[in-house]
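Geometric and topological summary
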Amino acid sequence: MSLLNDLINLNLSDSTEKIIAEYIWIGGSGMDLRSKATTMSGAVSDPSKLPKWNYDGSSTEQAPGDDSEVILYPQAVFRDPFRRGNNILVMCDTYTPAGEPIRTNKRNNAAKIFSHPDVVAEEPWYGIEQEYTLLQKEVKWPLGWPVGGYPGPQGPYYCGIGADKAFGRDIVDSHYKACLYSGINISGINGEVMPGQWEFQVGPAVGISAGDELWVARYILERITEIAGVVLSFDPKPIQGDWNGAGAHTNYSTKSMRNDGGIDVIKKAIEKLGLRHKEHIAAYGKGNERRLTGRHETADIHTFSWGVANRGASVRVGRDTEQNGRGYFEDRRPASNMDPYVVTSMIAETTILWKP
């Protein structure tokens, strides 16, 4: 095993200028991440300098067997925390050989929205709070829970410490450092209300980069859980009953909101979000109706609401924003399994481009 570890940790730059590029893409379910590696002749940091590649889409439920080729377009480059050195992770989106985005490519439409001159002028910032649950591999039951049983009720676990309250911290801290190493703007982590559940935050990130960074952060996390022998779940309500669900609260601001008098812009944006509540809910994650019940710090899925410092509302405005008269707001509706390309671009489209 020591030889295996030595080989895994080989520093390629000692013997070659070649690097390994791990191409990452989103599979047919819209949540499954896939990746494969290729050798490059030298260091690369610009995605436009990387070649397009292809894969068998019939094996990922993204193409028929008789026309199975799907093309990967490199879009964003990050340092590889697993291979280190000059090796890279490459976030890609997916196209037909004719250059048409395939059904599961949500990045393409998001990029169009974020490149609109009105959106560019507003410099939309995002901070996404990604909640997730760690599960025991053999039984698919939360980490730290007795098999077939339940821990004590919620209360001591949120931001808790101790062997009877915090389960999986080694995974969480490894992920935190790996994201920082990669160049992802991860801004924090914390234990969540349900034991075995954690959160990391990505942002502030501008425009399309919020989606790229969150997807690669998810990829790094699942690679780490693979090493640890733990299963990663983004189910928005992994355990039924009196247990919190898992969301992806999305904090958002535009230049107008961040400037003096921005509170009025925020209120108008929230009003527009309320008018398109059904459309947003439909795009905010599968199974979200199990989470948005009006309990456990959520608003009811059928009713739009907002409030200052109210974690039971659809949209929350912070006390600092109210007092300063400018700032940001938090859309609390997105589920943990949402697609950040969809959610971030839809919020921008509704609040900046949409005319009621």
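From a predicted model like this one, the values you see are computed outputs, not experimental measurements.

Conventions and cut-offs
- Residues numbered from 1 in each chain as written.
- Predicted model: local features only at pLDDT ≥ 70, side-chain atom pairs only at ≥ 80, totals over all residues.
- Heavy atoms only, no water.
- UniProt positions renumbered as here; feature names shortened; annotations may be inferred.
- Helix = DSSP H or I, 4+ residues; strand = E, 2+ residues; numbered from the N terminus.
- Pairing = 2+ DSSP bridges.
- Buried < 20%, exposed > 50% of the residue type's maximum accessible area, 1.4 Å probe, protein only.
- Contact = heavy atoms within 4.5 Å.
- Domains from an automatic or database assignment.
- Buried area = accessible area lost by both parts, 1.4 Å probe.
- Polar contact = N/O pair within 3.5 Å; in protein donor to acceptor, adjacent residues only side chain to side chain.

**Description of the UniProt feature "domain: GS catalytic" (unreviewed entry) in the protein**
Following the UniProt record, one finds the feature "domain: GS catalytic" (unreviewed entry) at residues 106-356. Along residues 106-356, the helical share is 37% and the strand share 19%, with 24 Å between the first and last C-alpha atoms.

**Re the pairing of strand 4 (residues 69-79)**
Alignment of strand 3 (residues 53-56) against strand 4, held across 4 bridges, turns out to be antiparallel. Within the sheet, the bridge partner assigned to W53 lies in strand 4 and is L72. In this sheet, strand 5 (residues 88-95) lies alongside strand 4 in antiparallel orientation, the contact comprising 8 bridges. From the neighbouring strand, F78 faces strand 5, where its bridge partner is L89.

**Side note on the environment of I352**
By the element assignment, I352 lies in helix 10 (residues 340-353). Residue I352 is classed as buried on the basis of its relative accessible area of 13%. Along the sequence, I352 and S59 sit 293 residues apart, while their C-alpha atoms lie 39 Å from each other. Contacts of I352, omitting those with residues within four sequence positions, involve D118, V119, E122, Y252, T254 and K272.

**Some words on the domain arrangement of the protein**
For the protein, the domain assignment lists domain 1 (1-104) and domain 2 (117-353). Taking only C-alpha atoms into account, the centre of domain 1 sits 27 Å from that of domain 2. Taken together, the contact between domain 1 and domain 2 spans 17 residues of the former and 20 residues of the latter. Contact between domain 1 and domain 2 buries roughly 1,700 Å² in total, counting both sides, with carbon and sulfur atoms accounting for 74%. For the domain 1 face of the interface with domain 2, the top three residues by lost area are M31, F78 and F82, together amounting to 38%. Connecting domain 1 to domain 2 are 3 residue pairs in polar contact (both at pLDDT 80 or more).

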